[in-house]
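Structural description and commentary
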Amino acid sequence: EVAGRNTAPTGMEGIMFALSMCQTVRIYGFNIDMPASVPYHYHDAVRGVESAHSFNYQGLFLKVLAGAGVVTLCSPADSLPTPAGCV
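Residues numbered from 1 in each chain as written. Predicted model: local features only at pLDDT ≥ 70, side-chain atom pairs only at ≥ 80, totals over all residues. Heavy atoms only, no water.

1. Regarding the overall build of the protein chain
Across its full length, the protein chain holds two helices and two strands. Along the chain direction, N to C, the helices and strands of the protein chain fall in the order α-β-α-β. Expressed as a percentage of the 87 residues in the protein chain, the buried residues total 26%. Summarising the internal contacts of the protein chain: among those between residues at least 6 apart in sequence, 72% fall at separations of at least 24. Accessible surface, the protein chain: about 6000 Å² in total, of which carbon and sulfur atoms supply 60%. (Helix = DSSP H or I, 4+ residues; strand = E, 2+ residues; numbered from the N terminus. Buried < 20%, exposed > 50% of the residue type's maximum accessible area, 1.4 Å probe, protein only. Contact = heavy atoms within 4.5 Å. Areas by Shrake-Rupley, 256 points an atom, 1.4 Å probe, with all protein chains shown as cover.)

2. Let's talk about helix H2 (residues 55-67)
Helix length check: H2 (13 residues) gives 18 Å between terminal C-alpha atoms against 18 Å at 1.5 Å per residue, within 8%. What H2 keeps buried is the set Phe 55, Gln 58, Gly 59, Leu 62 and Leu 65. Along the axis of H2, the buried residues cluster in a sector spanning 125°; they form a single face. Across H2 from its buried face, at more than 90 degrees, point the exposed residues Val 64 and Gly 67. Those residues of H2 hidden inside the fold are in contact with helix H1 (10-21), strand S1 (25-28) and strand S2 (71-74). (Expected span 1.5 Å × (residues − 1). Arc of directions from axis to C-beta.)

See below:
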């Protein structure tokens, strides 16, 4: 079951915009398995809340895009090793 509302975060909108212009996209800072110690924003102390977005669904959706080969998830906080091509 997916928790949270169905409003897409602006970062997801940005990814979809990038994919409309590019065949593949490398994305940084989108933790698909976000531990509690990873902040929602890098620049402030705001906490992401499921009442606004479904981060659970966002993680699943990003895994699908990565599996399809259209995005590369570049984030050291993810449970998987950083893929080749990520700086």
